[in-house]
Amino acid sequence: MHKKKNIVILGAGYGGIMTTKKLQKMLRGHEAEITLVNINDYHYQATWLHENAAGTLHHDRSRVDIKDVIDLDKVNFIKDRVLCIKPEKKTVKLERQEIGYDILVVALGFEAATFGIPGLEEHAFTISDINSARLLREHLEYNFALYHNEREKNSARLNIVVGGGGFTGIEYIGELANRIPRLCEEYDIEKSQVRMINLEATPSILPNFDQQLIEYATNSLEARGVEFITGAVVKECRPDRIIYEKDGKEEEVPTMTTVWAAGVKANSIVEKAGLETIHGKVEVRKDMRAPEYDEIFVMGDCALIRNPDTGTPYPPTAQIAIQQSSIVAHNVRSLIHGGELKDFKPTPLGTIASLGNNDAVATVFHRYQLRGWKATAAKRLSENRYLLKLGGVSLLMKKGKFNFFY
Ligand SMILES: Cc1cc2nc3c(=O)[nH]c(=O)nc-3n(C[C@H](O)[C@H](O)[C@H](O)COP(=O)(O)OP(=O)(O)OC[C@H]3O[C@@H](n4cnc5c(N)ncnc54)[C@H](O)[C@@H]3O)c2cc1C
């Protein structure tokens, strides 16, 4: 009789939790032992973190208890932090124990990339998990509360600078534009005293969108008080200011709140594991396995996959991580049953950037451009569809977003 295979999945984000869900359905208890390891006992919607960080959506709405969506009679769940992977020994070191595996799925997600810019790591806020989002929300409120309680008024407390005019930076500043008027009312501050500034190094925000949608997004955000400074390369972040270069001149904005949203990289555990990486990511084989290990799958933001037509890597998205989970689960099962391994072929459905609660821009199915409530409704539909897949109707009713038109 064959020994039961030991499958270990690291990370319960989009890729990890959906792979676990699929495997718990596909495999019987006598075929394999499935273990899911995650730092928290909850999964979170990383795509909602900008709302949590602005304070427009409470972080409890973004969290989903793992026990509510995974069958813990079929899956062994370990709440622990992964410290390192040792591929040669086929073990994973956690904070409290070391575990072995026959098949490993690495789905540990992303970290902020600060590109060695002085002071960013120490002084800037990032939006990378529930804890960092909650910290940023509290920090905003604290600075607004402090403003009237200091002898000398410090305008840096009311200047918020978001570094990066890509997807995350724009989605965050859009939420801020919604939150700031409410914060001003609550803390007796004139809205005209608050500055929301977006710094972008390239000449334009939202680089992957069509020019008409970029203009629409810019106008929508400017109308709500956002200032854009494009062609601005961040040079240094200090606790009370951000320094950037524009047109060869050094400029600075006094601020106690710099939010760094200009880059993400794969979880550094992947690189430290000694797996072959390109810019920290594993360029996986077509079947999602690491090049040099037949028993290690790498997925989501930890994996690099190129568009075969252009040779450029696909951007890291929840959409791709979720799509990969079907192939990874199938291929894990094939390794156990000796079946054929399938290739992963992404199906990009579109990109939707929200600009605040009631506005968004979208390109869907490569062709159609949406803006305003239609784009917002499309985003809500895709978010709700994910919740339905993850936890059925009850999770959808508990966490879903049903405000389609406003
Ligand atoms: C603000 C924001 C908005 C976004 N909007 C969109 C969008 O609209 N559409 C879209 O497709 N994508 C969007 N993205 C990108 C998307 O969130 C990521 O691409 C996606 O989360 C990647 O999924 P993943 O499974 O690879 O990792 P993640 O979802 O990041 O999950 C990783 C998991 O690993 C756990 N973990 C990490 N380190 C450890 C450790 N050491 N030990 C144990 N557990 C650990 C984490 O807690 C987490 O549960 C957005 C991202 C952000 C930040």
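Remember, predicted model here, so these are calculated numbers, not experimental data.

(A) Spatial organisation of the overall build of the protein chain. Scanning the protein chain for helices and strands turns up 11 helices and 24 strands. For a compact globule of 406 residues, the expected C-alpha radius of gyration is about 22 Å, and the protein chain comes in at 22 Å, within 12% of that figure. In terms of its C-alpha atoms, the protein chain occupies a principal-axis envelope of roughly 75 × 40 × 40 Å. Per-residue burial over the protein chain gives 52% buried out of 406 residues. Contacts in the protein chain between residues at least 24 apart in sequence constitute 65% of all its contacts with a sequence separation of at least 6. Carbon and sulfur atoms provide 49% of the accessible area of the protein chain, an area that totals close to 19,200 Å². Distance between charge centroids for the protein chain: 6 Å, based on 53 positive and 53 negative side chains.

(B) Quick look at the site of the ligand. The full set close to the ligand counts 32 residues, and G15, V82, D301, A318 and K379 are the nearest of them. Side-chain polar atom of N38 to an oxygen atom of the ligand: 3.1 Å apart, as the coordinates give it. Measuring from an oxygen atom of the ligand, one finds a backbone N or O atom of T317 at 3.4 Å. Out of a free accessible area of 1,000 Å², the ligand has 90% covered by protein chains. Secondary-structure elements contributing two or more residues to the shell around the ligand are α1 (14–26), α7 (167–186) and α10 (318–337). For the shell around the ligand, a count of residues per class yields 15 nonpolar, 12 polar and five charged. Split by domain, the shell around the ligand shows at least three residues from each of two domains, domain 1 (5–111 + 265–348) and domain 2 (120–262).

(C) Local environment of the nonpolar core. Core analysis: the biggest nonpolar cluster contains 65 residues, and I7, L10, I17, L104, M288, I296 and V298 have the highest contact counts within it. Among the elements that line this core, the one with the most residues is α10, at eight residues. Of all hydrophobic cores here, the second largest spans 41 residues; its members include I170, V194, F228 and V361.

(D) Highlighting the environment of L183. Within the secondary structure, L183 is located in helix α7. Spatially, the C-alpha atoms of L183 and R81 are 35 Å apart, while their sequence positions differ by 102 residues.

(E) Here's a closer look at the sheet that holds strand β17 (residues 257–260). Here we have four strands laid out as an open sheet, ordered β13-β12-β11-β17, and parallel in their pairing. The sheet terminates laterally at β13 (226–230) and β17, the two strands that pair on one side only. Between one strand axis and the next, the sheet turns by 20° as a mean value, whatever way the strands run. Sheet topology note: the strand β12 (residues 195–200)/β13 ladder contains five bridges and is parallel. Opposite I197, over in β13, you have E227 as the bridge partner. Contacts between α7 and the sheet are confined to β11 (159–163), β12, β13 and β17, with β12 contributing the most and set at about 175° to the helix.

(F) Highlighting the sheet that holds strand β22 (residues 350–354). Strand order in this open sheet of three strands is β22-β23-β24, and the pairing throughout is antiparallel. The strands lining the two open edges of the sheet, one partner per strand, are β22 and β24 (368–371). On average, adjacent strands in this sheet sit at an angle of 5° to one another, irrespective of strand direction.

(G) Structural detail: the pattern of salt bridges. A complete count under the given rule lists 26 salt bridges for this structure. The salt bridge partner of R157 is E150, with a shortest N-O separation of 2.7 Å. Since its relative accessible area comes to 23%, E150 is described here as partly exposed. Each of E51, R380, E383 and K401 takes part in one network of salt bridges that share partners.

(H) Just the environment of A177, in detail. One can find A177 in helix α7. Under the relative-accessibility criterion, A177 is labelled buried at 4%. Sequence separation between A177 and R285 is 108 residues, and the spatial gap between their C-alpha atoms is 42 Å. Not counting residues up to four positions away in its chain, the partners in contact with A177 are M196, R224 and V226.

(I) Highlighting the packing of helix α6 (residues 130–147) against α7. Look at α6 against α7: their axes get within 12 Å of each other, and the N-to-C directions meet at 35°. In this structure, α6 meets α7 at a crossing whose hand is right-handed. Contact residues: α6 offers L136, R137, L140, E141 and F144, while α7 offers Y172, L176, R179, I180, L183 and C184. Considering only residue class, the contact of α6 with α7 consists of eight nonpolar, no polar and three charged.

The rules behind these values
- Residues numbered from 1 in each chain as written.
- Predicted model: local features only at pLDDT ≥ 70, side-chain atom pairs only at ≥ 80, totals over all residues.
- Heavy atoms only, no water.
- Helix = DSSP H or I, 4+ residues; strand = E, 2+ residues; numbered from the N terminus.
- Rg over C-alpha atoms; globule rule 2.2 N^0.38 Å.
- Buried < 20%, exposed > 50% of the residue type's maximum accessible area, 1.4 Å probe, protein only.
- Contact = heavy atoms within 4.5 Å.
- Areas by Shrake-Rupley, 256 points an atom, 1.4 Å probe, with all protein chains shown as cover.
- Lys, Arg positive; Asp, Glu negative; His and termini not counted.
- Charge placed at Lys NZ, Arg CZ, Asp CG, Glu CD.
- Near = heavy atom within 4 Å.
- Polar contact = N/O pair within 3.5 Å; in protein donor to acceptor, adjacent residues only side chain to side chain.
- Nonpolar A, V, L, I, M, F, W, Y, C, P; charged D, E, K, R; others polar.
- Domains from an automatic or database assignment.
- Core = buried A, V, L, I, M, F, W, Y, C linked by side-chain atoms within 4.5 Å.
- Pairing = 2+ DSSP bridges.
- Axes fitted to C-alpha atoms, helices over the stretch in contact; angles between N-to-C directions.
- Salt bridge = Lys/Arg side-chain N within 4 Å of Asp/Glu carboxyl O.
- Left-handed = near helix turned anticlockwise from the far one by under 90°.

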